[in-house]
Amino acid sequence: MPKYFEWTVGCQMNKADSEELANILEARGYERTLSLEAADLIFLNSCSVRQNAENRIIGKLGEMVNVKRKRPDARLILTGCMVGDDTVAALPKRFPFVDLFLKPADVEGFQDFLDEGDALEVAAKPRSMGVSSFVNVIRGCDKFCTYCIVPYRRGAEKSRPVQEIVAEVRELVAQGTTEVNLLGQTVDSYGKDFPGGRPDLADVFEAIHDIDGLKRIRFMTSYPADITPRIIQSIADLPKVCEHVHVPCQAGDDEVLRAMHRTYTSGYYRDLIARIRDTVPEVSISTDVIVGFPGETDDQFRNTYRMLEDLRLDTVHVACYSVRPGTEAARTMADDVMPEVKKARLKEIEALQERVLSEINEGLMGREVEVLVEDDASKVNRTGAPQWRGRTRQNKLMYFPTAGRDLRGEEVKVRVERVTPWALQGALMA
Ligand code: SF4
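Residues numbered from 1 in each chain as written. Predicted model: local features only at pLDDT ≥ 70, side-chain atom pairs only at ≥ 80, totals over all residues.

(A) Just the sheet that holds strand 4 (residues 75-80), in detail. As summarised here, the arrangement of the 5 strands in space is 2-1-3-4-5, forming an open sheet in which the pairing is parallel. Looking at strand neighbours, the two that pair on one side only are strand 2 (31-32) and strand 5 (100-101), the edges of this open sheet. Alignment of strand 4 against strand 5, held across 2 bridges, turns out to be parallel. Bridged to I77 within strand 5 is L100. Strand contacts of helix 1 (residues 12-27): strand 1 (3-8), strand 2, strand 3 (41-46) and strand 4, with the helix running at about 175° to strand 1, the strand carrying the most contacts. Contacts from helix 2 (residues 51-70) reach strand 1, strand 3 and strand 4, with the element oriented near 165° to strand 3. (Pairing = 2+ DSSP bridges. Helix = DSSP H or I, 4+ residues; strand = E, 2+ residues; numbered from the N terminus. Contact = placed C-beta atoms within 7 Å. Axes fitted to C-alpha atoms, helices over the stretch in contact; angles between N-to-C directions.)

(B) Fine view of helix 11 (residues 298-311). Compared with the 20 Å implied by 1.5 Å per residue over 14 residues, the 20 Å span of helix 11 between its first and last C-alpha is a close match. For helix 11, the complete set of buried residues consists of F301, T304, M307 and L308. Along helix 11, the residues classed as buried sweep out an arc of 120° about the axis, all on the same side. Residues of helix 11 that are exposed and point more than 90 degrees away from the buried face comprise D298, D299 and D310. In this structure, the buried residues of helix 11 make contact with helix 10 (266-279), strand 12 (284-291), strand 13 (315-320) and helix 13 (339-362). (Expected span 1.5 Å × (residues − 1). Buried ≥ 20, exposed ≤ 12 C-beta atoms within 10 Å, placed from the backbone. Arc of directions from axis to C-beta.)

(C) Fine view of the site of the ligand. Around the ligand sit C141, K143, F144, C145, C148, V150, P151, Q185, T186 and Y223, and that is every residue in its neighbourhood. Its residues assigned to classes, the shell around the ligand shows 7 nonpolar, 2 polar and 1 charged. (Near = placed C-beta within 6 Å. Nonpolar A, V, L, I, M, F, W, Y, C, P; charged D, E, K, R; others polar.)

(D) The arrangement of the environment of A38 in detail. Counting through the fold element by element, A38 comes out in the loop between strand 2 and strand 3. Linking A38 and R71, residues 33 residues apart in sequence, is a C-alpha distance of 8.8 Å.

(E) Fine view of the nonpolar core. If you look at the biggest cluster of nonpolar residues, it comprises 87 residues, and the most contacted ones within it are I42, V135, V137, L182, L183 and V187. Looking at this core element by element, the count peaks at 5 residues for helix 6 (residues 162-174). Mapped onto the domain boundaries, this core takes at least three residues apiece from domain 1 (3-117) and domain 2 (132-362). In this view, L182 contacts V135, V137, V187, V204, I217 and F219; residues no more than four positions away in its chain are not counted. By size, the runner-up hydrophobic cluster in this structure holds 12 residues, among which are V373, M398, L407 and V416. (Core = buried A, V, L, I, M, F, W, Y, C linked by C-beta atoms within 7 Å. Domains from an automatic or database assignment.)

What follows is the structure, given as structure tokens:
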């Protein structure tokens, strides 16, 4: 049986793409291996959002030189955001030992490459999926935020037909998935490239909602100006759609937002959060923030801090700005906020968020919450203590002691008995 090795860095979109490539390989009879030397086919899925991520891939490609020396017959594929229209011509000169440079999500190109090279008589075999699976519904991005490389690498927004998504979800559920995460860089833009802008994301929710065996639907990432009242209402109306919205604000200062080319104001963002909270009871909201964007003054940072303090969101992923070659910010703006200032701002937001989350989670003490059990946490965190790990509908991590039988994929009621800012601990209800 041929073997494949997979190495992925980056966001959920990359993970979903890798999952799709792995599924194709497994359907062709390939078996995953953790040994590079044992692999007949190797694919590396790259990320270019930060220079660090790209450096990691370049390091991994360095290892490949030796692997190819020992196994010249092993086929090597580089995919992900490093492979874009602007790079694809130069990459073969730089990495001549790579057999295929595959643009993100170019499934057809992948199949063609396999068809050409596979003289292998392989039998399709059933896949075994996890409890929760990613499904790309829209690829690419039209927004061109000034700090971001994604639109250059992943191209324009392109929605997948609803029937294709429904078929994929059905298949995933048949293989054991009970929760799907619908993915897009700007997931609420789904359908804007169809005539009349429909079907939209709310239609996708409806189309997959009644699939037997599917228990939960999640979606990410929302762009603040694109999430419509119809989508918000459908989160409230459709029981399987979880009450969690990931909607990055990136900053809470209007001048910084303009410089980032985010197409909304802080006032709009504040109103949006209020509207979501008014429409969807018990909703949790997470966001992304960049500190130290070129030219960000102390006062402008304060505006971001105050907005987060006022909104009291459930999760804030905060990152220091770093220059991404190829972006508008890299070309036209000086990276002029000192590293120690960036770090201090990051730490301030992290401390704020720790306090806010402690208070929010304290409010859950003693409550019964619904948890979708994902896996046996003792295997993952090596604490040795047998316990299950799952997520609440609001996407909070929950741990609770195992109760003998296998609960993976089940929705159970758990009473919250202990909280930290980052996770809940509970007891299974009878
Ligand atoms: S919305 Fe902005 S940050 Fe998000 S992928 Fe598109 S360009 Fe990048």
